[in-house]
Amino acid sequence: MVIGIDFLILNVLVVLFLQYYPDVSNWGRTRIQVFWLMSNLGMVMSQYRFSTIIHQRMVTATDMLQRVIMLVMTQTALTFLMLKIIDLRRQVGWPLAGIGACLLVLLIISRIMERRAVKRYRMAGGNTRMATLVGSDKELQNVYERMVSDPTTGYKVLGYYADEKPEGSLEGLTRMGSLQELLKRMDEGREVEVGDELYVCLSRRDHETVKRLSMYCDQHVVRFFYVPMSVESLGISLKREMMDDIEVYTTYENPLQNPVNRLMKRAFDVTFSALLLLCMLPFFPIVALIIKWQSPGPIFFKQLRTGLDGKEFWMYKFRSMHVNKDADRVQATADDPRKYAFGNFMRKANIDELPQFWNVLMGDMSIVGPRPHMLAHTEMYSQLIGKYMVRHFVKPGVTGWAQVTGFRGETRELWQMEERVKRDIWYMENWNFWLDLRIIWMTAKTVFVHDKNAY
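A brief report on the enclosed structure follows. Every value quoted in this text rests on a predicted model; they were computed, and no experiment measured them.

The next thing to look at is the overall build of the chain. In terms of regular secondary structure, the chain is built from 15 helices and 11 strands. A burial count over the chain gives 44% of its 455 residues as buried. Look at the contacts in the chain between residues 6 or more apart in sequence, and 70% of them connect residues 24 or more apart. With an accessible surface of roughly 25,900 Å², the chain has 60% of that area assigned to carbon and sulfur atoms.

Here we take up the packing of aromatic side chains. The full count for this structure, using the stated rule, is 12 aromatic pairs. Consider the rings of Phe-268 and Phe-433, whose centres lie 5.3 Å apart with planes at 90°: the pair is edge-to-face. Highlighted residues: Phe-268 in helix α8 (residues 259-280) and Phe-433 in helix α15 (residues 433-444), separated in sequence by 165 residues. Relative accessible area serves as the criterion here: at 23%, Phe-433 is assigned to the partly exposed category. A centroid spacing of 5.4 Å and a plane angle of 15° characterise the contact between Phe-300 and Phe-318, whose relative ring orientation is stacked.

This part covers the pairing of strand β2 (residues 155-161). A large share of β2 lies buried, amounting to 5 of its 7 residues. Looking at chain direction, strand β1 (residues 129-134) and β2 are connected through 6 bridges and run parallel. When the bridges of β2 are listed, Arg-129 appears paired with Tyr-155. The parallel pair β1 and β2 is bridged by helix α5 (residues 138-149), and the resulting crossover is right-handed. Relative to strand β3 (residues 175-177), β2 runs parallel, the two sharing 2 bridges. For Tyr-161, the partnering residue across the bridge sits in β3 and is Gly-177.

A word on the packing of helix α2 (residues 29-50) against helix α3 (residues 61-86). Two numbers describe how α2 lies on α3: the axes approach to 8 Å, and their chain directions differ by 140°. The angle between α2 and α3 falls in the class oblique. Relative to α3, α2 is oriented so that their crossing is right-handed. Only Arg-67, Met-70, Leu-71, Thr-74, Gln-75, Leu-78, Thr-79, Met-82, Leu-83 and Ile-86 of α3 make contact with α2, whose side of the interface consists of Val-34, Phe-35, Met-38, Ser-39, Leu-41, Gly-42, Met-43, Met-45, Ser-46, Gln-47, Arg-49 and Phe-50. Within the contact of α2 with α3, the residues separate by chemical class into 13 nonpolar, 7 polar and 2 charged.

Turning to the nonpolar core, a few remarks are in order. One finds Ile-291, Phe-318, Met-346, Ile-367, Tyr-427 and Ile-439 to be the most contacted residues of the largest nonpolar core, which totals 28 residues. Excluding residues within four positions of it along the chain, Tyr-427 makes contact with Lys-265, Val-368, Gly-369, Trp-401, Leu-435, Asp-436 and Ile-439. Membership of the second largest hydrophobic core comes to 22 residues, among which are Ile-9, Phe-35, Met-38 and Val-72.

The phi angle at Val-221 is positive, at roughly 55°, despite the residue not being glycine. With respect to the element layout, Val-221 can be found in the loop between α7 (207-219) and β5 (223-226). A positive phi angle, close to 60°, is found at Asp-309, a residue other than glycine. Here Asp-309 shows up in the loop between β8 (300-306) and β9 (312-318).

Right, let's talk about the sheet that holds β3 for a bit. In spatial order, the strands read β3-β2-β1-β4-β5; together these 5 strands make up an open sheet with parallel pairing. Unpaired on one side and paired on the other, β3 and β5 mark the two borders of the sheet. Averaged over all adjacent pairs, the angle separating strand axes in this sheet is 30°, with direction ignored. Against the sheet, α7 contacts β1, β4 (197-200) and β5, and its axis sits at roughly 160° relative to β5.

Running from N to C, helix α6 (residues 179-187) and α7 point in directions that differ by 45°, and their axes come no closer than 11 Å. Accordingly, the angle class assigned to the pair α6 and α7 is oblique. In this structure, α6 crosses over α7, and the sense of that crossing is left-handed. Counted together, Leu-179, Leu-182, Leu-183, Met-186 and Asp-187 of α6 and Thr-209, Arg-212, Leu-213 and Tyr-216 of α7 form the full contact between these two elements. Looking at the contact of α6 with α7 residue by residue, the class counts come to 6 nonpolar, 1 polar and 2 charged.

Moving on, we come to a nonpolar patch on the surface. A cluster of nonpolar side chains, namely Leu-8, Val-12, Leu-16 and Tyr-20, defines an oily patch on the protein surface of about 430 Å² accessible area. By relative accessible area, which is 64% here, Tyr-20 ends up exposed.

Along β4, one buried face is formed by Glu-197 and Tyr-199 and the opposite face, lined by Leu-198 and Val-200, is buried too. Note on the crossover from β4 through α7 to β5: the handedness is right-handed.

Let us look at the environment of Ala-124. If you trace the backbone, Ala-124 turns up in the loop between α4 (93-123) and β1. Judged by relative accessible area, Ala-124 falls into the exposed class, the value being 70%. C-alpha of Ala-124 to C-alpha of Gly-154: the two residues are 30 residues apart in sequence and 9.2 Å apart in space.

Turning next to the environment of Glu-193. Relative to the helices and strands, Glu-193 resides in the loop between α6 and β4. Judged by relative accessible area, Glu-193 falls into the exposed class, the value being 52%. Residues Glu-193 and Thr-132, spaced 61 residues apart in sequence, show a C-alpha to C-alpha distance of 8.3 Å. Not counting residues within four places of it along the chain, the set of residues in contact with Glu-193 comprises Thr-132, Leu-158, Tyr-161 and Met-176.

The rules behind each value
Residues numbered from 1 in each chain as written. Predicted model: local features only at pLDDT ≥ 70, side-chain atom pairs only at ≥ 80, totals over all residues. Heavy atoms only, no water. Helix = DSSP H or I, 4+ residues; strand = E, 2+ residues; numbered from the N terminus. Buried < 20%, exposed > 50% of the residue type's maximum accessible area, 1.4 Å probe, protein only. Contact = heavy atoms within 4.5 Å. Areas by Shrake-Rupley, 256 points an atom, 1.4 Å probe, with all protein chains shown as cover. Phe/Tyr/Trp six-rings, centres within 6.5 Å; stacked < 30°, edge-to-face > 60°. Pairing = 2+ DSSP bridges. Right-handed = clockwise from strand over helix to strand, strands pointing away. Axes fitted to C-alpha atoms, helices over the stretch in contact; angles between N-to-C directions. Parallel < 35°, antiparallel > 145°, perpendicular 65-115°, else oblique. Left-handed = near helix turned anticlockwise from the far one by under 90°. Nonpolar A, V, L, I, M, F, W, Y, C, P; charged D, E, K, R; others polar. Core = buried A, V, L, I, M, F, W, Y, C linked by side-chain atoms within 4.5 Å. Patch = residues over 30% accessible without salt bridge, like charges linked within 9 Å, V, L, I, M, F, W, Y side chains within 5 Å. Salt bridge = Lys/Arg side-chain N within 4 Å of Asp/Glu carboxyl O.

Given below as structure tokens:
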């Protein structure tokens, strides 16, 4: 249905183009038919590579946006090439660019509506997947929380089999029996209720048991998933490789160690920052006047922060607090008396961060990356958190993955900074251009829907 709607939107746009584009009146019937045919053929080939993924249960808005963009770009490029092969003199570049731009906007709107329809259908009980868990390790609890945290994924967990009583989120689930009881029922040929999917989290030492469960799933058309136990996790990122027919795992490089990726990220940083600063330039005098009116002192606040490779740099912000002696060592709190009214608003709407785009242009920062911390915090947390300094292998950012996933602002307890560092390292290991766009979009929304941790 989704693919059919894509073709419908494309053909409506082509018809409108043929109806209203000024030069079409000079086209003959054959030329019009060829244009229509090549447009649809380009869509056929593009759909083969970038068809919809809205039906997948664990899919993000970034994934959908990426595929829509690639679908439209591929369709436009293929149509252009095929029309040029038929007739090099045919002027079709601008018409195809216009159709492509409209197609991109309409397909994004279409995907949003289609995804909502799928989610509502699943929330109403349709397209449900029944799952059963085996084990009691906390990694299995993480899987369970991921399944039930968003009802639109359509998962329903029947219960769990475990020898030991779990601690945590599985306590609310039905215990369907021990592991030995499950194996006994399987061996006796009795029917075992496991649903559509079985998630097993057992030690690698129990490989024979894991193999028996896998074979049972194969025989009863049940999807089998193995979840490594937390105590057996190596704590490093690995990727799977094959040595002939032997499966091995190796550590992989940070994607931003690749010069091409760094160049692409830097080009985007410079272009985006320059355009944003240019657009915001007329508003800066207004912000400056309000700051001066409400709080005596400089317009800009500058502070030494820890940057790439642990080197220090001066970071700039609009001053959102009264001048004070604790600026270099004390974090802002929710009811911080150092803030003044407009400064508090700027912090909630991220306006105070705008001068940092100058830091981006200067090369000290990137738009997206781990947030730079003041020197006192770098010194303190590098002693308390083993992997704290790893976050400095990439440039710090105006915004970051930790900030848009709930770990922005004050860190009252050590675990909050540990989670922030964990997310910063995850960003470094999983960087791609689309992830940066997703983080920028999530940050932009806080201008209108203020983050509760922004103070």
